[in-house]
Amino acid sequence: MKILYFAWVRERIGLESETVEPPATVRTVADLAGWLAARGEGYARAFENPRIVRAALDRRHAKPDSAIDGVNEIAFFPPMTGG
Amino acid sequence: MFTVRIQSEDFDASAEASALTRGRTDVGAVVTFAGLCRADDAPGGAPLIALTLEHYPGMAEEEITRIVTEARGRWPLSGATVIHRFGRMTPGDNIVLVVTTSAHRGAAFAAAEFLMDWLKTRAPFWKLEEREDAQDWIAAKDSDDDAAGRWS
């Protein structure tokens, strides 16, 4: 699956996007965030407070317990500050 | 006519409002709101040099279109235009435009306010503040969540 990162999540990880193959035990947005956080120092910093990192599944806002099965594009980002 | 545009270029608020009323006789109210980049001193006194708005291409347009659809379900609107810019802006520059039209002012005012409240909390944009000595991402405000929450 393709993962996109925005704003300070992107800066901390050092990537705009990447393609990953998480294990089958990773079923939800929260599982994926936890799995990513263990991939390295930048990831750990990006997800150090997972409650404030938001996610979108195929360009729709999602919750931590949303299932990622069948999703093509997952994005992680800070709370929105547009307008 | 309902339009959502995500662009780096500036917009002309009065031209966008005119486009929603030209040739129509059923529009009794036009509300135009523009949000601008404001000169804003940090607590230590460092002036704001610029704001850079990052966005999620594709989702930004889709999400704002969903917000406009929600507004149309709540109020009898004859038209709406939402334009959100991305890129680097300096104080005085336009950032966002919301124009709503309806037969009566109540719906046009309420829908414009609803659209702005939801834009601030759901549209995937992030602001990077640039000052002389530092660059920092602006944190989301609880007051914006509270403003959006009153519509549910």
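This text goes with the structure placed above it.
First, a word on scope: everything that follows refers to the structure included in this document. (Residues numbered from 1 in each chain as written. Chains lettered and ligands numbered in written order. Predicted model: local features only at pLDDT ≥ 70, side-chain atom pairs only at ≥ 80, totals over all residues. Heavy atoms only, no water.)

### Quick notes on the interface of chain B and chain A
For clarity, the threshold we go by: The contact rule is simple, with two residues in contact once any of their heavy atoms fall within 4.5 Å. Buried area adds together the accessible area that both of two parts lose upon being put together, with accessible area traced by a 1.4 Å probe. Definition used for salt bridges: Asp or Glu carboxyl oxygen within 4 Å of a side-chain nitrogen of Lys or Arg. Pairing of N or O atoms within 3.5 Å defines a polar contact, subject to two protein rules: one partner must be a possible hydrogen donor and the other a possible acceptor, and residues neighboring in sequence count only if both atoms are side-chain atoms. Each helix is a run of H or I in the DSSP string that is no shorter than four residues. Each strand is a run of E no shorter than two, and both are numbered from the N terminus. Gly counts as polar in this scheme, as do all residues outside two lists: the nonpolar Ala, Val, Leu, Ile, Met, Phe, Trp, Tyr, Cys and Pro, and the charged Asp, Glu, Lys and Arg.
Listed as interface residues are 25 residues of chain B and, on the opposing side, 19 residues of chain A. The contact between chain B and chain A buries some 1,900 Å² in all, and 55% of this surface belongs to carbon and sulfur atoms. Per-residue buried area on chain B facing chain A is highest for Tyr56, Trp126 and Trp137 of chain B; these three make up 33% of the total on that side. Our count for the contact surface shared by chain B and chain A stands at two salt bridges. The partner of Glu62 of chain B in a salt bridge is Arg59 of chain A, and the shortest N-O contact between them spans 2.9 Å. Taken together, chain B and chain A are joined by 13 residue pairs in polar contact (both at pLDDT 80 or more). Breaking the side of chain B that touches chain A down by element, the ones donating at least two residues are strand 3 (48-55), helix 2 (59-74), strand 6 (94-102), helix 3 (105-122) and strand 7 (125-131) of chain B. A class-by-class count of the residues in the side of chain B that touches chain A yields 14 nonpolar, four polar and seven charged.

### Describing helix 2 of chain B
In plain terms, the rule: Multiply 1.5 Å by the residue count of a helix minus one, and that product is the helix's expected span. Only protein chains enter the accessibility calculation, which uses a 1.4 Å probe; a residue is then buried when its area is under 20% of its type maximum, exposed when over 50%, and partly exposed in between.
Across its 16 residues, helix 2 of chain B extends 23 Å between first and last C-alpha, which sits within 8% of the 22 Å expected from 1.5 Å per residue. Among all positions in helix 2 of chain B, only Met59, Ala60, Glu63, Ile64, Ile67, Val68 and Ala71 of chain B are buried.

### Quick look at the sheet that holds strand 4 (residues 77-85) of chain B
Sheet strands line up and pair through hydrogen bonds in the backbone, either parallel or antiparallel. All names here are of chain B. Definition in use: Strands qualify as paired when DSSP identifies two bridges or more between them. Fitted lines through C-alpha atoms serve as axes, helices being fitted only where they are in contact, and the angles separating the N-to-C directions of these axes extend from 0 to 180 degrees.
Strand order in the open sheet formed by four strands is 1-4-6-2, with mixed pairing between adjacent strands. Pairing within the sheet leaves two strands with one partner each, and these edge strands are strand 1 (2-7) and strand 2 (29-36). Each adjacent strand pair in this sheet contributes to an overall mean axis angle of 5 degrees, direction not counted. When strand 4 meets strand 6, the two strands line up antiparallel, connected through seven bridges. Bridged to His84 within strand 6 is Val96. On top of the sheet, helix 2 reaches strand 1 and strand 4; it is set at about 155 degrees to strand 1, its chief contact.

It is worth stressing that arrangement in space is one thing and function is another; only the former is reported here.
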